[in-house]
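A closer look at the structure
Take a look at the letters that make up each chain.
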Number of protein chains: 2
Amino acid sequence: MEQLLLRHSGGETPIDFAPDLVADPAPLLRHLPAGARLRIVTDSNVAPLHAVALAGRLRGAGREVSLSVLPAGEEHKTLATASALLDELLTGGIRRDDRVVAVGGGVVGDVAGFAAALALRGVPCVQVPTTLLAMVDSAVGGKTGVDHATGKNRIGVFSQPSAVVVAPAFLGTLPAREVTAGLAEMVKSAMLAGEAEVEGVGGWLAAGRPAPALGLRIREAVALKVRIVESDEREAGPRRVLNLGHTLGHALEAATGYTRLRHGEAVAWGLLFALRLSASLGILPAAEEARLSSLVRSVGPLPGIADLDWKSLLPLLRLDKKAGAAGVAFVLLEAPGRPRVVLDPPPERLAEAYEAVRSGIF
Amino acid sequence: MEQLLLRHSGGETPIDFAPDLVADPAPLLRHLPAGARLRIVTDSNVAPLHAVALAGRLRGAGREVSLSVLPAGEEHKTLATASALLDELLTGGIRRDDRVVAVGGGVVGDVAGFAAALALRGVPCVQVPTTLLAMVDSAVGGKTGVDHATGKNRIGVFSQPSAVVVAPAFLGTLPAREVTAGLAEMVKSAMLAGEAEVEGVGGWLAAGRPAPALGLRIREAVALKVRIVESDEREAGPRRVLNLGHTLGHALEAATGYTRLRHGEAVAWGLLFALRLSASLGILPAAEEARLSSLVRSVGPLPGIADLDWKSLLPLLRLDKKAGAAGVAFVLLEAPGRPRVVLDPPPERLAEAYEAVRSGIF
């Protein structure tokens, strides 16, 4: 599939699509200069499934490869984990012309990209996402970082990867919940992109997600993200629309200690909430709310949130990174492809919309 | 004194010169938007001398001010200190439209700038340097970060301050060794700038550093730095010349555990070494070496390094952040204003130059 190119303040990031990097690592090797030593960063889940095999293939191609294995799980996405990784990179004698290669899901990509950005004030990082969520969202766009006791991703930097290589073969081992989480971000992306994309992903989900079209669906989501990030690398304005479903999503994750809900699952709840709120404020027609909510529900079953009341979420919403002195901004939807940012909607509407959503049967 | 403007990839940083911010904080207030809450970051030395008084003046001007006090000293320039500061910023509820105000020397500026860059992926930071070294060097240019067991400043990011305000009144309380350290960077700057600057700073030092010209001398050094950083924000090439004296300097600091030598003192030794090596390689005429070395010596007495042998420094040189697969680069001098980067000079010349310098009486 044709390469995408993300132009940014520091140059440009090529995004390549390759069927299977373990079978044929050439599309990855192309982004790893001959003299560069390679530090693969992965986690304890992905190491035995893919990363060790990939390291072997790269060594077989004559490359010098070392491996850092992070503990798996969002609960380890901390400054302490990044600090331990930095210790490994620096005591391993990493140089600015080496490459960090992040092989894993969103947590691995965020932590590896963050540590690479900080080591020697910047060692280039190649992102090799192994989950659907990372492929369609987190591996592209240069957001790196870790969580903090006060909220998700509250410590980090914008640092664009030197390249991204998307290889759907990695998805063969992905647990069902991770697939659901990735599909939620894919649906978000389609709703931001436009009617054609909504119909495309909707038809594909309804048809039981036929495998041959998976690559195309991923590329479609990545292409949208590239377009939006190029328009606003540092999230000063337009890029905020990518947070559709995320303001509530982040609060739900925080309220449940980052254990009950995967990020994409929380975003799915957040999308339902955003659609409900959009309709409640008269921004989105009721029929469209029904159609799009049903699209969101078609991603798969979600862990319930009926026990979380609005009052407990409210202070967590106010902690949103994008919150300024002016208040909390919500990304709402007028129609597919027409997001609208609304600052501090009426509190009673927020509460109503949440009540309507949390008790919903998924 | 007229404002300088540093243009960079993220916009532009105004650099203002004001006599005394505690007497009149207006030149600082101008860079702090009305709605922004202010988090002054300082250290345990500067807090009682200046920062608490400055906080009082800003509160008097109706601003919401909180204070974070770091433990003083290069030995605390660590990821652990930055992490503790991040905890304070985030649990304090900092927002992206607030301002971090770094009030202190190089360590405070580097750590505060680093933590501000990481908090919420970037809270603007205003640099208010209180040491000569920070005024002429570290507060300008966007290098932020912390030290690591493997070397100085090995963890960090490029993040330009939103403004810099240079107020020489802070220097009234500066210990003599800190003055010497700052003068060493000032002399480095003059040697990189050209003959006029070398004569300017040389005459001023010879005349006993008359106070009225101090502001001008600082501005001259800052103006050079602005010019070089604008030409090469990320240190891909031209900016490396600012490392004149620093390759050996960093190794000396590391070899003595960052306790014996202040950064500027180490740089002074590094400048003498660079001049000796330049002459030894036939790049710099012997008479010029003598004249410029005497200028370096006029900054003040330095702690000795006679007990440090070349063999123990060599592995530390190889750890230089700018070292690539190709080797270690030294910035040498052909004449004032004409630096030249030399990759891996002959090992015996390096050793000879160091031997000649380390036994020198200061």
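Residues numbered from 1 in each chain as written. Chains lettered and ligands numbered in written order. Predicted model: local features only at pLDDT ≥ 70, side-chain atom pairs only at ≥ 80, totals over all residues. Heavy atoms only, no water.

1. So, the sheet that holds strand E5 (residues 99-104) of chain B
All names here are of chain B. Defined as follows: In this analysis, strands are considered paired if DSSP registers two or more bridges between them. Helix and strand assignments follow DSSP, with helices taken as H or I runs no shorter than four residues and strands as E runs no shorter than two, numbered in order from the N terminus. To obtain each axis, a line is fitted to C-alpha atoms, and for helices this fit is confined to the stretch in contact; angles are then taken between N-to-C directions over 0 to 180 degrees. Contacts are assigned to residue pairs with any non-hydrogen atoms lying within 4.5 Å of each other.
As summarised here, the arrangement of the seven strands in space is E1-E2-E9-E6-E5-E3-E4, forming an open sheet in which the pairing is mixed. Among the strands making up the open sheet, the edge pair consists of strand E1 (4-8) and strand E4 (65-70). Across the sheet, the mean angle from the axis of one strand to that of its neighbour is 20°, orientation sign disregarded. Relative to strand E2 (residues 11-17), E1 is paired through five bridges, and the arrangement is antiparallel. Following the sheet pairing, Leu6 is matched in E2 by Thr13. The sheet contacts of helix H3 (residues 79-91) involve strand E3 (38-43), E4 and E5, and relative to E4 the element is tilted by about 165°. Here helix H8 (residues 214-231) sits on the sheet in contact with E1, E2 and strand E9 (163-166), set at roughly 15° to E1.

2. Some details on the pairing of E9 of chain B
Residues and elements named next belong to chain B. Basically, it comes down to this: Burial here depends on accessible area, computed with a 1.4 Å probe over protein chains only, as a share of the maximum for the residue type. Under 20% is buried, over 50% is exposed, and the range in between is partly exposed.
Judged by which residues are buried, E9 turns out to be covered on both faces: Ala163 and Val165 on one side and Val164 and Val166 on the other are all buried. With three bridges joining them, E2 and E9 adopt parallel strand pairing. Counterpart to Ile15 in the pairing with E9 is Val164. As paired strands, strand E6 (residues 125-129) and E9 are joined by two bridges and run parallel to one another.

3. Comments concerning the pattern of salt bridges
This is how it is decided: What counts as a salt bridge is simple: a side-chain nitrogen of Lys or Arg found within 4 Å of a carboxyl oxygen of Asp or Glu.
One pass over the full model with this rule turns up 44 salt bridges over all chains. For Asp307 of chain A, the salt bridge goes to Arg260 of chain A, with nearest N and O atoms at 2.8 Å. A residue pair is termed long-range when its members are at least 10 positions apart, and Asp307 of chain A in the loop between helix H11 (286-297) and helix H12 (310-317) and Arg260 of chain A in the loop between helix H9 (246-255) and helix H10 (263-280) qualify at 47 residues. With a relative accessible area of 53%, Asp307 of chain A lands in the exposed category. On the basis of relative accessible area, Arg260 of chain A is assigned to the partly exposed category, the value being 28%. The salt bridge involving Glu230 of chain B is made with Arg7 of chain B; its shortest N-O contact spans 3.3 Å. With Glu230 of chain B in helix H8 and Arg7 of chain B in strand E1, this residue pair connects regions lying 223 residues apart in the sequence. With a relative accessible area of 32%, Glu230 of chain B lands in the partly exposed category. One network of salt bridges, with partners in common, ties together Arg37, Arg95, Asp97 and Asp98 of chain A.

4. Comments concerning the relation of the copies chain A and chain B
Under the convention used in this document: The fit set for superposing copies consists of C-alpha atoms from residues with pLDDT of at least 70 in both; the fit itself is least squares.
Rotating chain A by 180° about the axis while translating it 0.0 Å along that axis superimposes it on chain B, leaving an RMSD of 0.0 Å. Seen this way, the second copy is the image of the first under a two-fold rotation axis. Judged by C-alpha distance, Ser9 of chain A is the residue of chain A that lies nearest the rotation axis, at 3.4 Å. A symmetric contact is evident, with 100% of the interface residues of chain A recurring at the interface of chain B.

5. Quick look at the pairing of E4 of chain B
Residues and elements named next belong to chain B. The criterion, for reference: Think of it like this: strands point away, you trace from the first strand over the helix to the second, and a clockwise trace means the crossover is right-handed.
Where E3 meets E4, six bridges bridge the pair, whose relative direction is parallel. By the bridge assignment for E4, Leu38 is matched with Val65. At this point the chain moves from E3, through helix H2 (residues 46-60), to the parallel E4, and the crossover so formed is right-handed.

6. Notes on the packing of aromatic side chains
Put simply, the test is: Here the aromatic set is Phe, Tyr and Trp, taking the six-membered ring for Trp, and pairing holds for ring centres within 6.5 Å; pairs whose planes are under 30 degrees apart are stacked, those over 60 apart are edge-to-face, and all others are tilted. We count a charge as sitting over a ring when the NZ of a lysine or the CZ of an arginine lies within 6 Å of the ring centre and within 35 degrees of the ring normal.
Counted according to the given criterion, the structure contains six aromatic pairs over all chains. Members of the aromatic cluster, joined through ring pairs, are Phe273, Trp310, Phe330 and Tyr354 of chain A. When the ring centre of Phe158 of chain B is taken as reference, the NZ or CZ atom of Arg121 of chain A above it lies at 5.8 Å.

7. Some details on the environment of Met135 of chain A
Summarising the element assignment, Met135 of chain A is placed in helix H5 (residues 132-138). Distance from Met135 of chain A to Ala221 of chain A, taken between C-alpha atoms, is 8.9 Å for residues 86 residues apart in sequence.

8. What about the interface of chain A and chain B?
Stated formally: Summed over both partners, the accessible area (1.4 Å probe) lost when two parts come together is defined as the buried area. In protein, a polar contact means a hydrogen-donor-capable atom and an acceptor-capable atom, both N or O and within 3.5 Å, with residues adjacent in sequence counting only if both atoms are side-chain atoms; elsewhere, any N or O pair within 3.5 Å suffices. All amino acids are sorted into three groups, where Ala, Val, Leu, Ile, Met, Phe, Trp, Tyr, Cys and Pro are nonpolar, Asp, Glu, Lys and Arg are charged, and the leftover types, Gly among them, are polar.
Listed as interface residues are 32 residues of chain A and, on the opposing side, 32 residues of chain B. Here chain A and chain B share an interface that buries about 3000 Å² over both sides, 57% of which is from carbon and sulfur atoms. Note that Arg96 of chain A is salt-bridged to Glu235 of chain B, the shortest N-O span being 3.8 Å. Joining chain A to chain B, the criterion identifies eight residue pairs in polar contact (both at pLDDT 80 or more). Elements that contribute at least two residues to the side of chain A that touches chain B include exactly helix H3 (79-91), helix H4 (106-118), strand E7 (143-148) and strand E8 (151-158) of chain A. Taken together, the residues that form the side of chain A that touches chain B break down as 14 nonpolar, eight polar and ten charged.

9. Details of the environment of Ala268 of chain B
Residues and elements named next belong to chain B. Relative to the helices and strands, Ala268 resides in helix H10 (residues 263-280). The exposure class of Ala268 is buried, given its relative accessible area of 0%. In this structure, the C-alpha to C-alpha distance between Ala268 and Glu185, residues 83 residues apart in sequence, is 7.7 Å. The contact partners of Ala268, leaving out residues within four places of it in the chain, are Ala184, Val296 and Leu302.

10. Comments concerning helix H12 (residues 310-317) of chain B
All names here are of chain B. Where we set the bar: Directions from the helix axis toward the C-beta atoms define the arc.
Of the positions making up H12, those classed as buried are Trp310, Leu313 and Leu317. Seen end-on, H12 carries its buried residues on one side only, within an arc spanning 60°. Those residues of H12 hidden inside the fold are in contact with helix H9 (246-255), H10, strand E10 (329-335) and helix H13 (347-358).

11. What about the side chain of Gln127 of chain A?
Residues and elements named next belong to chain A. Its place among the elements puts Gln127 in strand E6 (residues 125-129). Gln127 sits in the buried class, given a relative accessible area of 7%. Within the structure, the side chain of Gln127 is placed 3.1 Å from the backbone oxygen of Gly109, a separation counted as a polar contact. Setting aside chain neighbours within four positions, we find Gln127 in contact with Ala102, Gly109, Gly113, Ala139, Pro161, Ala163, Val164 and Val165.

12. Looking at the sheet that holds strand E3 (residues 38-43) of chain A
All names here are of chain A. Overall, mixed pairing links the seven strands, which are arranged E1-E2-E9-E6-E5-E3-E4 in an open sheet. Each end of this open sheet is capped by a strand with a single partner; those strands are strand E1 (4-8) and strand E4 (65-70). Pairs of neighbouring strands in the sheet enclose a mean axial angle of 20°, with direction left out of account. Along the sheet, helix H2 (residues 46-60) contacts E3, E4 and strand E5 (99-104); its crossing angle with E3, the most-contacted strand, is approximately 170°.

13. Topic: the side chain of Arg217 of chain A
Looking at the element boundaries, Arg217 of chain A is found in helix H8 (residues 214-231). Here Arg217 of chain A is in contact with Met186, Gly200, Val201 and Trp204 of chain A, once residues within four sequence places are set aside.

14. Re unusual backbone geometry
Phi angles above zero are rare outside glycine, and Asp344 of chain A is one such case at about 45°. Of note, Asp344 of chain A is situated in the loop between strand E11 (338-343) and helix H13 (347-358). According to the relative accessible area criterion, Asp344 of chain A is partly exposed, its value standing at 33%. Phi is positive for Leu120 of chain B, which is not a glycine, with a value near 55°. Mapped onto the fold, Leu120 of chain B is located in the loop between helix H4 (106-118) and E6. The exposure class assigned to Leu120 of chain B is buried, which follows from its relative accessible area of 1%.

15. Focus: the packing of H10 of chain A against H11 of chain A
Residues and elements named next belong to chain A. The criterion, for reference: Every angle not falling under 35 degrees, over 145, or within 65 to 115 is termed oblique; those three ranges are roughly parallel, roughly antiparallel and roughly perpendicular.
Where H10 meets H11, the axes come as close as 10 Å, and the angle between the chain directions of the two elements is 175°. Taken together, the axes of H10 and H11 lie roughly antiparallel to each other. Residues Ala268, Leu271, Leu272, Leu275, Arg276 and Ala279 of H10 form the contact with H11, whose own contacting residues are Glu289, Leu292, Ser293, Val296 and Arg297.

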